[in-house]
Amino acid sequence: VITRPEMEIGRYHWMYRSSRPHRYQHVPALRGNISPLGIQGCFECCIKCLGGVPYASLVATILCFSGVALFCGCGHVALTGTVSILEQHFSTTASDHALLSEVIQLMQYVIYGIASFFFLYGIILLAEGFYTTSAVKELHGEFKTTACGRCISGMFVFLTYVLGVAWLGVFGFSAVPVFMFYNIWSTCEVIKSLQTNVTVPGDQICVDIRQYGIIPWNAVPGKACGPILENICNTNEFYMSYHLFIVACAGAGATVIALIHFLMILSSNWAYLKDASKMQAYQDIKAKEEQELQDIQSRSKEQLNSYT
C-alpha cells in the first residue's frame with residue numbers, strides 16, 4: 001500500500017527530475033606522462049600554459065615596443081644631426097638658432113619620457129591581457145569578476161584611445177622633417193642632373209631654410225646654392241639624419257598601428273568581462289535554486305521518515 005507521503009515524494013521527483021541531472025565525472029585515460037594519481041606531466045602543463053597566453057596582446061606589445069624604440073632612438077640622433085647641419089651651413093651665428101636648439105633639446109627630453117612611459121604602459125596592457133584571458137578561460141569555473149576590474153578595463157580602453165589620437169599627431173609631425181630633407185635631397189639631384197647642361201647654371205638653384213620657419217629671416221647665410229648645397233647633401237650628417245627621420249616616422253606609424261590593435265583587444269576583453277559578470281550572476285542564482293531544491297528534498301525525506 002502506497003501512503004500519501006510516498007505519493008507526494010514520487011510526484012515531486014517526477015516534476016523536478018530534470019532540474020538536477022546526475023553529473024558524471026569524467027576520468028581521463030592514463031597516458032605515458034600522467035601518473036596514476038592524476039598529476040599532469042610536463043607536456044600537458046606546457047600546453048595549458050600556452051593556452052593561457054594572450055597572443056594578440058603579445059603581438060601588439062612587441063609592435064608597440066619596436067615602434068617606440070625606433071621613433072625615440074632614431075629621432076634623438078636625427079635631431080642632433082639636424083642641429084649640426086644648421087650650425088655648420090645655414091646659421092653660423094649662435095644667437096640665430098638659440099631658440100631652435102632649446103626646442104630640440106626639450107624634444108629630446110620628451111623622447112626620454114615617452115620611451116619610459118610606453119615601456120611601463122605596454123607591460124601593464126600585456127598583464128591586463130593575461131588577466132582577461134584567464135577570465136575567459138575560466139568563465140565557467142571559480143573565477144570571479146569584480147566591478148573594479150571591469151572599471152579598470154574600461155579606463156584602459158579610454159586611455160588607449162586618447163594615446164592613439166595623440167600618436168596620430170606625432171606621426172604627422174614626424175613626417176615634416178622627412179618632407180624638408182626630401183626637398184633638399186631632390187634639389188641636390190636636380191643640380192647633379194644639370195651639370196651636363198651648360199645653358200642652365202646650377203648656382204641659381206638654392207634651398208632657403210628660413211622659409212620653413214625654423215630659423216629667423218636675419219640668419220646668415222640662411223640658404224645654400226649650387227655646389228655648396230650639393231656638398232651638404234654629400235655629408236654624413238645629412239645622409240644619416242635624412243634616413244633616421246624616415247625610420248622614426250615609420251616607428252611612429254607602427255606605434256599607431258599597435259595602439260589601434262590594443263584598442264580592439266581591450267574593447268573585446270571588456271565585453272568578455274561584462275559577459276563573465278552576467279554568467280557569474282546566473283551561476284549564483286542557479287546555485288541558490290539548487291540549494292533550495294536540496295532543502296526541499298531533505299525536508300520531504302524527514303517527513304517520510306516521520307510517517308514511517
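Residues numbered from 1 in each chain as written. Predicted model: local features only at pLDDT ≥ 70, side-chain atom pairs only at ≥ 80, totals over all residues. Heavy atoms only, no water.

## Description of the overall build of the protein
Scanning the protein for helices and strands turns up 7 helices and 2 strands. The helix and strand sequence of the protein, counted from the amino end, reads α-α-α-α-α-β-β-α-α. Within the protein, counting contacts between residues at least 6 apart in sequence, those at least 24 apart form 81% of the total. Carbon and sulfur atoms make up 66% of the accessible area of the protein, which amounts to about 19,500 Å² in all. (Helix = DSSP H or I, 4+ residues; strand = E, 2+ residues; numbered from the N terminus. Contact = heavy atoms within 4.5 Å. Areas by Shrake-Rupley, 256 points an atom, 1.4 Å probe, with all protein chains shown as cover.)

## Digging into the UniProt feature "transmembrane region" (unreviewed entry) in the protein
With numbering matched to this structure, UniProt assigns "transmembrane region" (unreviewed entry) to residues 58–86, 106–131, 152–176 and 244–266. Here residues 106–131 is 100% helix and 0% strand, with 38 Å between the C-alpha atoms at its ends. (UniProt positions renumbered as here; feature names shortened; annotations may be inferred.)

## Describing the layout of surface pockets
What the largest pocket holds in volume is close to 590 Å³. Lining the largest pocket are 27 residues; nearest its centre among them are Leu-79, Met-107, Phe-173, Pro-177 and Phe-245. Going through the elements one at a time, helix H3 (55–90), helix H4 (98–137), helix H5 (147–193) and helix H7 (236–307) are the ones with two or more residues in the lining of the largest pocket. In terms of residue count, the dominant contributor to the lining of the largest pocket is H5 (8 residues). A breakdown of the residues in the lining of the largest pocket according to their chemical character gives 24 nonpolar, 3 polar and no charged. (1 Å grid on protein atoms, 1.4 Å probe; cavity = no way out; pocket = protein on both sides within 12 Å on 5 of 7 lines; lining within 4 Å. Points joined across faces, edges and corners; volume = space filled by probe spheres on them. Nonpolar A, V, L, I, M, F, W, Y, C, P; charged D, E, K, R; others polar.)

## Some words on the nonpolar core
Judged by nonpolar contacts, the single largest core of 50 residues is most densely connected at Phe-90, Phe-118, Trp-167, Ile-184, Ile-209 and Leu-229. Looking at this core, the elements that each hand over two or more residues are H3, H4, H5, helix H6 (226–233) and H7. Considering every element that reaches this core, the biggest residue donor is H7, with 13 residues. The residues contacting Phe-90, other than those within four sequence positions of it, are Ile-85, Val-207, Ile-209, Ile-215, Ala-219, Val-220, Pro-221, Gly-222, Lys-223, Ala-224 and Ile-232. (Core = buried A, V, L, I, M, F, W, Y, C linked by side-chain atoms within 4.5 Å. Buried < 20%, exposed > 50% of the residue type's maximum accessible area, 1.4 Å probe, protein only.)

## Overview of the state of the cysteines
Across all of its chains, the model carries 2 disulfides by this definition. Bridging Cys-188 to Cys-233, the disulfide has an S-S length of 1.8 Å. Torsion about the S-S bond of the Cys-188 and Cys-233 cystine: about 60 degrees, corresponding to right-handed handedness. Of this pair, Cys-188 sits in helix H5 while Cys-233 is found in helix H6, placing the two residues 45 residues apart along the sequence. This pair shows no difference in class: Cys-188 is buried, exactly as Cys-233 is. (Disulfide = S-S within 2.5 Å.)

## Some details on a nonpolar patch on the surface
Judged by side-chain polarity, Phe-158, Tyr-161, Val-162 and Val-165 come together as a nonpolar surface patch covering roughly 420 Å² of accessible area. Looking at the secondary structure, you find Tyr-161 in helix H5. (Patch = residues over 30% accessible without salt bridge, like charges linked within 9 Å, V, L, I, M, F, W, Y side chains within 5 Å. Salt bridge = Lys/Arg side-chain N within 4 Å of Asp/Glu carboxyl O.)

## A word on H6
Within H6 the residues assigned to the buried category are Gly-226, Leu-229, Glu-230, Ile-232 and Cys-233. Viewed end-on, H6 has its buried residues packed into an arc of 155 degrees, placing them on one side of the element. (Arc of directions from axis to C-beta.)

## What to know about the environment of Thr-92
Looking at the secondary structure, you find Thr-92 in the loop between H3 and H4. Along the primary structure Thr-92 and Gly-222 are separated by 130 residues, whereas in three dimensions their C-alpha atoms are 8.8 Å apart. Ignoring any residue separated from it by four or fewer positions in sequence, one finds Thr-92 in contact with Glu-87, Val-220 and Pro-221.

## Focus: the pattern of salt bridges
Taken as a whole, this structure holds 2 salt bridges when the rule is applied. When the shortest N-O distance is used, the salt bridge between Glu-189 and Lys-192 registers 4.0 Å. One end of the pair is Glu-189 and the other is Lys-192, both in helix H5 and 3 residues apart, which spans about a single turn. In this structure, Arg-210 and Asp-208 form a salt bridge, with 3.0 Å as the shortest nitrogen-oxygen distance. Using a relative accessible area of 14% as the deciding quantity, one classes Arg-210 as buried. A relative accessible area of 16% places Asp-208 in the buried class.

## A few points about the packing of aromatic side chains
In the structure shown here, the tally under the stated rule is 13 aromatic pairs. For the pair Phe-118 and Trp-167, a centre-to-centre distance of 5.5 Å together with 80 degrees between the ring planes defines the contact as edge-to-face. Here the residue Phe-118 occupies a position in helix H4, and Trp-167 occupies one in helix H5, the gap between them amounting to 49 residues. In this pair, the class of Phe-118 matches that of Trp-167, namely buried. (Phe/Tyr/Trp six-rings, centres within 6.5 Å; stacked < 30°, edge-to-face > 60°.)

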